[in-house]
Amino acid sequence: MTLLKRDPKAPQAWLGNLPVTSRYTFGLGGERFFRSIKDEGEILGTHCPKCDRTYVPSTIFCERCLGKLEEWVDVGTTGNVHTFTLLYENYDGSHREEPEIIAFVSIGDGGLVHRLGDVEPEEVEIGMEVEVVFKPKAEREGSILDIVHFRPIA
Ligand SMILES: [Zn+2]
């Protein structure tokens, strides 16, 4: 097919590969957030005294007043299930027999999206109190996956 015979309104695609490498940086707020998880087993937020909001994960600027945030807060390792979903497909598209439970866990005025574990899907409820299960300290790498999952507080 030539350019003149193609439908000019049809989406165009070319198959191929691009040799791209990239590096993601956490930024100043994220650096301290992930270092704290790795080294201390603590989840940090940052508090804006003007807006009285605690950002989790930590950030260095308030999204409301754009003020610089310098008050770091250990927000603890518990939160509440704000919402959740069940995944019946793996990331490669293959089917899962047992669903993976993914939740947004409210912590401070923010929260984290992560797996729920040690719970059956039918037992999960909005508002359920959950706690962090960290990897053993020697296995942590400074990533969100240093958290294995959240689990219900017994
Ligand atoms: Zn603010």
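Preceding this paragraph is the structure being described.
Please read all numbers here as calculations on a predicted model, not as lab measurements.

A. A look at the overall build of the protein chain. In terms of regular secondary structure, the protein chain is built from 1 helix and 8 strands. Element order for the protein chain, N to C, with α for helix and β for strand: α-β-β-β-β-β-β-β-β. Taken against the 2.2 N^0.38 rule, which gives 15 Å for 154 residues, the C-alpha radius of gyration of the protein chain at 21 Å runs more than 25% over that of a compact globule. Considering only C-alpha atoms, the protein chain reaches an extent of 65 × 45 × 35 Å along its principal axes. By the burial criterion, 20% of the 154 residues in the protein chain qualify as buried. Intrachain contacts of the protein chain at a sequence separation of at least 6 include 49% that bridge at least 24 residues.

B. Seen up close, helix 1 (residues 27-40). For helix 1, spanning 14 residues, the distance from its first C-alpha to its last is 19 Å, which sits close to the expected 20 Å at 1.5 Å a residue. At the exit of helix 1 stands G41, carrying a positive phi of roughly 65°.

Analysis parameters
- Residues numbered from 1 in each chain as written.
- Predicted model: local features only at pLDDT ≥ 70, side-chain atom pairs only at ≥ 80, totals over all residues.
- Helix = DSSP H or I, 4+ residues; strand = E, 2+ residues; numbered from the N terminus.
- Rg over C-alpha atoms; globule rule 2.2 N^0.38 Å.
- Buried ≥ 20, exposed ≤ 12 C-beta atoms within 10 Å, placed from the backbone.
- Contact = placed C-beta atoms within 7 Å.
- Expected span 1.5 Å × (residues − 1).

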